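For reference, the chains in residue letters:
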Amino acid sequence: MSLSTNNKRRDLLLGRSLDSIAIVLTMRCNLHCKMCSFWKSQKKDPSYENIKSILDNAYELGARRFDPWGTELFMRDDTPDILAYAEQIGFREIYVVSNGLLLNRSSLLDRLSKLKSLVMIISIDGPEAIHDELRGNGVYNRAVSSLREVIRRGIKTSIASIIMRPTLNHLDKIVDLAAELNIPVISMQPYNRDLAGPDCDHLMFEFRIDEKKMLANKINNLLKYARQKNVLIYTENMLKHVTSYLAEGVNPFPPQGCHVPSRMLVVDIDGNVLPCFEIKKTIGNINEVSLSSIWHSDIHKEFITSALEKKCPGCLRACSDVEGYNNEINNIFRQTLNHTARRFVHYIKKFSNP
Ligand SMILES: C[S@@+](CC[C@H](N)C(=O)[O-])C[C@H]1O[C@@H](n2cnc3c(N)ncnc32)[C@H](O)[C@@H]1O
Ligand code: SF4
Ligand code: SF4
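Residues numbered from 1 in each chain as written. Chains lettered and ligands numbered in written order. Predicted model: local features only at pLDDT ≥ 70, side-chain atom pairs only at ≥ 80, totals over all residues.

Undergrad: Please clarify how the overall build of the chain should be interpreted in this entry.
TA: A tally of regular secondary structure across the chain gives 13 helices and nine strands. In terms of overall size, the chain behaves like a compact globule, its C-alpha atoms giving a radius of gyration of 22 Å where 354 residues would be expected to give roughly 20 Å. Overall size of the chain, expressed as C-alpha extent along the three principal axes, is 75 × 50 × 40 Å. Evaluated residue by residue, the chain yields a buried proportion of 38% over its 354 residues. A fraction of 78% describes how many contacts in the chain between residues 6 or more apart in sequence connect residues 24 or more apart. (Helix = DSSP H or I, 4+ residues; strand = E, 2+ residues; numbered from the N terminus. Rg over C-alpha atoms; globule rule 2.2 N^0.38 Å. Buried ≥ 20, exposed ≤ 12 C-beta atoms within 10 Å, placed from the backbone. Contact = placed C-beta atoms within 7 Å.)

See the structure below:
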């Protein structure tokens, strides 16, 4: 891409309005999963009023997507009120990730089923023995029973799974489960060190360099299997990078740089605003300055630019720039089309002017 096209693209992205806001609602959790450290945090939940005010400000800046974030969101009794508030003020997409354990309450499901913008994503990492080994006895059956109930209530539903050593050989069972329950789209993201925390033994979850080929084969087979079963893995285009990510620690970037900081903000449990889930540098705190001034600040612009220029740390999370990875495919597709079109024109010319 030429320098001027790059500059135009950067200027366009710097002037964009906010698309989505992620707010950490709680760091309390009812599970102590082996691959996650979030439950160790002792931080207090932000108040309902505080969250409403962030949602109001984000909406004014243009956000229409809300990602409540943190640990198990239904540890908060007012989570349904927060989701309902977001929808009432105009948010059109709300993605809730849950371990499913607290969802088997009729009154809660009644409320959730009234939310048109809600997508409930239940985390399931493998068949019963694998899931329970990672998350605790009986968790699989309770999660799947919630999943069935959520579907029965007509709530849009998906499954999220982690690609890691304990799950790699069993992820086809997740595809089977999705096919059986008519769930059209699921998400698979690689094990992430940051979520696992510094005390975790990463070797239990990652791979060795000499396992790269095996890992690549398994992922390819998984993708083929999902296609056969008509289940879309929405992170599909990122998965080819998983091999070097999990076996060599290579943090990739979407081919044209990452768009995430130009369209979303993350508000952590202390009110710190971050440019994406992966970068832990705060660009302001909503208890001290308005969300609007943080969004328009120079420091935020610097993060947008460095992500576009691939100078950020890079990452491979389901919430990173999935669209950017999809563009890669679109671009390759477009180039192939152009190539085919050129050959077609050449062919026509040759035969019309022998
Ligand atoms: C932090 S959890 C919070 C939501 C909820 N407690 C749950 O387990 O679904 C959000 C997502 O991160 C995933 N996760 C947890 N630890 C991870 C890790 N080390 N690497 C990648 N994903 C992880 C969970 O499986 C879940 O899908
Ligand atoms: S993965 Fe989810 S359920 Fe498990 S400890 Fe982390 S936040 Fe809690
Ligand atoms: S760290 Fe990841 S999500 Fe954040 S800007 Fe870089 S590539 Fe994007």
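Undergrad: Got a minute to help me understand the pairing of strand S6 (residues 185-190) in this structure?
TA: Regular strands place their side chains on alternate faces of the sheet. Here S6 lies mainly inside the structure; five of its six residues are buried. Pairing of strand S5 (residues 156-163) with S6, which is carried by four bridges, proceeds in the parallel orientation. When the sheet's bridge partners are listed, Ala 160 is paired in S6 with Ser 187. At this point the chain moves from S5, through helix H7 (residues 171-180), to the parallel S6, and the crossover so formed is right-handed. (Pairing = 2+ DSSP bridges. Right-handed = clockwise from strand over helix to strand, strands pointing away.)

Undergrad: Would you mind showing me how to read the site of ligand 2 here?
TA: Close to ligand 2 lie Cys 29, Leu 31, His 32, Cys 33, Cys 36, Phe 38, Trp 39, Thr 71, Glu 72 and Asn 99. Partitioned by chemical class, the residues of the shell around ligand 2 number six nonpolar, three polar and one charged. (Near = placed C-beta within 6 Å. Nonpolar A, V, L, I, M, F, W, Y, C, P; charged D, E, K, R; others polar.)

Undergrad: Looking at this structure, how should I read helix H5 (residues 128-135)?
TA: The α-helix winds at 3.6 residues per turn, so residues separated by three or four positions along the chain end up facing the same way. All of the buried residues along H5 are His 131, Leu 134 and Arg 135. All buried residues of H5 lie within an arc of 80° about the axis, which places them on one face of the element. Of the surrounding elements, those touching the buried residues of H5 are helix H6 (139-152). One or two steps after H5, the chain reaches Gly 136, where phi turns positive at roughly 125°. (Arc of directions from axis to C-beta.)

Undergrad: Is there a simple way to explain the sheet that holds strand S4 (residues 118-123) in this structure?
TA: Backbone hydrogen bonds are what pair the strands of a sheet, in a parallel or an antiparallel way. The sheet built from nine strands is open, its strands ordered S7-S6-S5-S4-S3-S2-S1-S8-S9 with mixed pairing. Because the sheet does not close on itself, it has two edges, and the strands there are strand S7 (232-233) and strand S9 (273-274). Where strand S1 (residues 20-26) and strand S2 (residues 65-70) come together, six bridges link them in parallel fashion. Residue pairing in the sheet places Ala 22 in a bridge with Asp 67 of S2. The strands touched by helix H2 (residues 48-60) within the sheet are S1, S2 and strand S8 (264-267), with S1 carrying the most contacts at an inclination of about 175°. Sitting on the sheet, H6 is in contact with S4 and S5, with an inclination near 160° to S4. (Axes fitted to C-alpha atoms, helices over the stretch in contact; angles between N-to-C directions.)

Undergrad: Honestly, the packing of H5 against H6 in this entry has me stumped. Any pointers?
TA: Packed helices, taken two at a time, are described by their axes: the angle between them and the distance between them. With their axes 8 Å apart at the nearest point, H5 and H6 run at an angle of 110° to one another. By the criterion of interaxial angle, the relationship of H5 to H6 is roughly perpendicular. Two secondary-structure elements touch here, H5 through Glu 128, His 131, Asp 132 and Arg 135 and H6 through Val 139, Tyr 140 and Asn 141. In the contact of H5 with H6, the residues fall into two nonpolar, two polar and three charged. (Parallel < 35°, antiparallel > 145°, perpendicular 65-115°, else oblique.)

Undergrad: Any chance you could explain the confidence of the model for the chain here in plain terms?
TA: Mean pLDDT over the chain works out to 91, with 90% of the residues at or above the 70 mark. Note that residues 343-354 has pLDDT below 50 and, in this model, zero contacts with residues that lie over four places away or in other chains. (pLDDT = per-residue confidence, 0-100.)

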